[in-house]
Structure formats: C-alpha cells, structure tokens
Amino acid sequence: MKFSSIETPGYVGFANLPNQVHRKSVKKGFEFTLMVVGESGLGKSTLVNSLFLTDLYPERIIPDAVEKQKQTVKLEASTVEIEERGVKLRLTVVDTPGFGDAIDNSDSFSAILEYIDEQYERFLRDESGLNRRNIVDNRIHCCFYFISPFGHGLKPLDVEFMKKLHSKVNIVPVIAKADCLTKKEILRLKCRIMQEIEDHGIKIYPLPDCDSDEDEDYKEQVKQLKAAVPFAVCGANTLLEVKGKKVRGRLYPWGVVEVENPEHCDFIKLRTMLITHMQDLQEVTQEVHYENYRSDRLAKGIKNKENGIIKPERDSIVPTQIVLTEKDRILQEKEAELRRMQEMLAQMQAKMQAQQ
C-alpha cells in the first residue's frame, strides 16, 4: 500500500483532518434544543412543524376558554429524531403553553427561567460527575420569541421577558402570522421593534460576521439574514396546487400565501438562519451563556465554603464537590469501624487459641 505522503514530497496529510471530523460527527449525530415562547394562537406549533417537516405534537389537546382561564405556564419538551441524507439530528422543542394568556402576567417567565437554569445545572452536575462520556445536552440553544402582528411594536411583557432572558439564551425575535400584514406594514413594524430592542438594551442573537476569505454568495446571504431580523413568518403544513406545482401554504379568497416563497414571508430566511448557524448557536450557548452560569455557581460555592456552609443548597455552586467530601468522611468512618471489628475478632481468636 502506497501513502500519498510518500508519493507527494512536502505533503504530510493533516489536510484530511476535516474529513475525519465530518465522518465522526455524522456517525455520532447532532443534538439541538429549541424553545418557542409566545402567546397562544400565534402559530408556534405550526411553524415548528413546518420548519422541520415533522409532527412534534401528534397527541396535543387544545384547551377551551374555561381551561385557559385556570391554565398556568408549563413547559412541554418534545423530542424527535430526524434523518436527512444519512445525517441524524436529535431535535428537542420546548413549548411554553399558557405564556402571556393570564390577566396578570408578572409571573409568566419564572417557570421558563427555572427550566433554563435547571438544564444548565443538570449539565454542570453531569460534567462534574464520574461518567462524563454520555452526557445528554438539553441546554436551550435557541429561543424563538413570537411577537404579535396586531400590536404597534413590543408589549411591556415582551420587553420584560427578553430583558430577563437575553443573558441566559440566544433570543431570535419572530413576527408571527405575517400574512395578516401588507409589505409596508411589515417593514414599519420591523423598524419599530428593532428600535425598541435597541432603546431597552435587549441583546438578541447576533449573526456572526463573515470572514474576508468567505465567498461572495455566503456574504450576501448573511447580509440578507441580518436585514430580515425580526423574521416575519407564517407557517402551514397543507399542500396546495398553484400553477401546476405543489406548495405548502394557506388558501384565502384573494389567493394563496406560499410559506416557502421569499416574496410572501421570511420563512425560508428563518430556516436558513437556523440551519446554517446551528453550530454557532451551540457554541455561543457553551462559551457565553453556560460559562456565565457556571462561573456564577462556582463563585457562590466558594463563598458558601468560606462561610462554613457544608449543606448543599440550590444557590451553592458545584454541590458535587461538597457531596464527594461528605462521602469521603462516611467512607473513612466505615473503614475505621471495620478495622476495629477486625482487631476485636483477632483478639477473640487469640484468646480461644490460648484457652485451647
């Protein structure tokens, strides 16, 4: 067998490393967790099903008006494995039914904040544990925040929610049911929302800048995606026939709204953003949001240790270290007791032998 490094002078072969990483990644598969937040009736479930061409909520029961009055914010995680051309994606979508539906929504985001922190805490605990080989990553990598098209910008609830979450998760603002608005109304609403986001100091997910050596087509794509934020979308899973072609869309008396037509809405741009920047969303979650959470927990844990607090609490960092110390103490006590019993047994045997 001849190697290319022998045949080609000056060629080592590490240029093949990207192919090795690609094969390993494809074999392992990918994980991604998406959270969708917004008021009921904005088409969140329909849009997610449209994005990934699957049915994530086959057994969902829609509550009536009486049940909605009593409903509180709860989180529902649905996981589905999608395979496309041999590449497997384990997609988890976390829905938040009940958000923004109450008269008093001051406590709407507490359950969502707790859920995000719980996933970080679980990952931190698994990462600090003994078996780190098969850690399941359920951290929220991206949050689609749905904004109503019927208002004149952001509501106070939208502002408060995004301000509380922008340091914990990548927020992507989405204008729901864009087919209710004309093109001029969409442009006006987009400008208003972006201005309010800037005025309130809200940090949404920034699309990364292109390197100078990127090709022109990719640069133009990123430029268009940045200009489209917030994405004005509408979802549909119904196939309709338009000019002899099957398209997914919504049928109205005045015509058909094609979901995958860039002239009708930003659906394609939103999906392109999510797919082409999925790896970057995971990296920002790991390197920015998770690291912030981890450093805060470590700082609190050190502070508690200095104050002599041994009992692991919710607000103390790395409870694993404290628990391990406690386990070591118990093991030492048991070993000492075992040694005492062995000594007593040896003494009894010596006495019995002396009597004989």
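Reading guide: rules and limits
Residues numbered from 1 in each chain as written. Predicted model: local features only at pLDDT ≥ 70, side-chain atom pairs only at ≥ 80, totals over all residues. Heavy atoms only, no water. Helix = DSSP H or I, 4+ residues; strand = E, 2+ residues; numbered from the N terminus. Buried < 20%, exposed > 50% of the residue type's maximum accessible area, 1.4 Å probe, protein only. Contact = heavy atoms within 4.5 Å. Areas by Shrake-Rupley, 256 points an atom, 1.4 Å probe, with all protein chains shown as cover. Pairing = 2+ DSSP bridges. Expected span 1.5 Å × (residues − 1). Right-handed = clockwise from strand over helix to strand, strands pointing away.

Engineer: Before we go on, may I ask you to explain the overall build of the protein in this structure?
Structural biologist: The number of helices and strands found in the protein is 11 helices and 9 strands. Going through the 356 residues of the protein one by one, you find that 38% of them count as buried. A fraction of 67% describes how many contacts in the protein between residues 6 or more apart in sequence connect residues 24 or more apart. Element-wise, carbon and sulfur atoms account for 52% of the exposed surface of the protein, whose accessible area totals about 22900 Å².

Engineer: Help me understand the sheet that holds strand β5 (residues 171–175) in this model?
Structural biologist: What links the strands of a sheet is backbone hydrogen bonding, and the strands pair in either a parallel or an antiparallel sense. Read from one edge of the open sheet, 6 strands run β2-β3-β1-β4-β5-β6, paired in mixed fashion. Looking along the sheet, the strands with just one partner apiece sit at the ends: β2 (76–84) and β6 (231–232). By the bridge criterion, 2 bridges tie β5 to β6 in an arrangement that is parallel. Of the residues in β6, the one forming a bridge with Val-174 is Phe-231.

Engineer: Honestly, helix α5 (residues 110–128) in this entry has me stumped. Any pointers?
Structural biologist: Each full turn of the α-helix corresponds to 3.6 residues, which orients residues three or four apart in the same direction. End to end, α5 covers 27 Å across 19 residues, agreeing with the expected 27 Å (1.5 Å per residue, within 8%). Regarding α5, the residues found buried are Ile-112, Leu-113, Tyr-115, Ile-116, Asp-117, Gln-119, Tyr-120, Glu-121, Phe-123 and Leu-124.

Engineer: What's the story with the pairing of β5 in this structure? I'm lost.
Structural biologist: Moving residue by residue along a regular strand, the side chains alternate between the two faces of the sheet. Of all 5 residues in β5, 5 are buried, a share of seventy percent or more. Of the two faces of β5, the one carrying Ile-171, Pro-173 and Ile-175 and the one carrying Val-172 and Val-174 are both buried. Strand direction decides the pairing type here: strand β4 (residues 142–147) and β5, joined by 5 bridges, are parallel. Paired with Cys-143 across the bridge in β5 is Ile-171. With helix α6 (residues 156–165) bridging β4 and the parallel β5, this β-α-β connection has right-handed handedness.

Purely geometric numbers; function is a separate question.
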